[in-house]
Amino acid sequence: MSKYVAKKPDKNGHVDFTIEENETWEILFDRQLQVIQNRACDEFISGLKTLNMHSDRIPQCGEISEVLQAQTGWSVVPVNAIIPLEEFFSLLAHKQFPAATFIRLREDLDFLQEPDIFHEFFGHCPMLTHQAYADFVQWYGENALRTDKKTQSLLGRLFWFTIEFGLLNTSAGLRIYGGGILSSFQETIYALESPVPKRLEFNLPTVLQTPYHYDQIQKIYYTINNMAELFHLKEKQIMTLVEKIRGGSENDDFVIC
Ligand SMILES: [Fe+2]
């Protein structure tokens, strides 16, 4: 359950946000733009420029979709605050990224359990201009759609430790590509600079066996060496490995991100 209700788009797909909601976007956008410098990966920074979002108002799904369509064939679609898992997977499988059309209240500025439009637009959409990332998300949707809850739960870990909370080794040092980090002011700093979390080299069997907590700051991050690794990952026999592991694995609560 969410205390938030998504706003319904009109017949032209336009969502009407209030002055206060646009100001919340501005606060989040401006401070995130500062904190991601030298922390977000180049692919994210490049995608952010390509999307040409501004701080003065919340963009419309149509505007973002137009750019994504030209780059990778993706679009973003307005959805309710909480949607069924099957709908979530099906949208991803069809290159449609769901964006719940609400923005957090000021009291939730720093942490929000459910993904709002800032998380989706700022956190994920820049990387959706990158083909390897976009293809991996689509692969995830297609495969999660055709399996059962327990396997979805294991696949959810892969999604979590890459698309949401992934780190990237670069020649300039460690950088962030995970949208869950890049839409959070505190975690953008914490993920790279705190001595608390472990930062481990990505290893598929280990990731699939690592539970996560969606309501806490992360204790483990996994690093990949380039974005093409995501492309190669889906070429591996992930589903075979998932089926092998699932027998001895406890079930996680699975969340929509
Ligand atoms: Fe997310």
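Residues numbered from 1 in each chain as written. Predicted model: local features only at pLDDT ≥ 70, side-chain atom pairs only at ≥ 80, totals over all residues. Heavy atoms only, no water.

Engineer: How should I be thinking about the pattern of salt bridges in this particular structure?
Structural biologist: Opposite charge on two side chains permits pairing when their charged atoms draw close. Overall, the coordinates contain nine salt bridges when judged by the stated rule. A salt bridge links Arg106 to Glu23; the shortest N-O distance between them is 3.8 Å. Linking Arg106 in the loop between strand E2 (96-100) and helix H5 (117-124) with Glu23 in helix H1 (residues 19-35), this pair joins segments that are 83 residues apart in sequence. On the accessibility criterion, Glu23 (39% relative accessible area) is partly exposed. Via salt bridges that share partners, Lys3, Glu107 and Asp108 belong to a single interconnected network. (Salt bridge = Lys/Arg side-chain N within 4 Å of Asp/Glu carboxyl O. Helix = DSSP H or I, 4+ residues; strand = E, 2+ residues; numbered from the N terminus. Buried < 20%, exposed > 50% of the residue type's maximum accessible area, 1.4 Å probe, protein only.)

Engineer: I would appreciate a short explanation of the layout of surface pockets in the present structure.
Structural biologist: Sizing a probe to match a water molecule and rolling it over the atoms shows the empty space that remains. Within this model, the second largest pocket holds a volume of roughly 160 Å³. Every residue lining the second largest pocket is listed: Tyr4, Val5, Lys7, Thr18, Glu20, Glu21, Thr24, Phe102, Ile103, Arg104, Leu105 and Arg106. Here the lining of the second largest pocket is composed, by residue class, of five nonpolar, two polar and five charged. (1 Å grid on protein atoms, 1.4 Å probe; cavity = no way out; pocket = protein on both sides within 12 Å on 5 of 7 lines; lining within 4 Å. Points joined across faces, edges and corners; volume = space filled by probe spheres on them. Nonpolar A, V, L, I, M, F, W, Y, C, P; charged D, E, K, R; others polar.)

Engineer: Just checking my understanding: could you explain the sheet that holds strand E6 (residues 220-224) for this structure?
Structural biologist: As a general point, the strands of a sheet are linked pairwise by backbone hydrogen bonds and lie either parallel or antiparallel. The four strands lie next to each other as E4-E3-E6-E5, forming an open sheet whose pairing is mixed. Strands with a single pairing partner mark the edges of an open sheet, and in this sheet they are strand E4 (173-176) and strand E5 (198-201). Pairwise comparison of adjacent strand axes, ignoring direction, gives a mean angle of 35° for this sheet. In this structure, strand E3 (residues 167-170) lies alongside E4, joined through four bridges in antiparallel fashion. Paired with Thr170 across the two strands is Gly173, which belongs to E4. (Pairing = 2+ DSSP bridges. Axes fitted to C-alpha atoms, helices over the stretch in contact; angles between N-to-C directions.)

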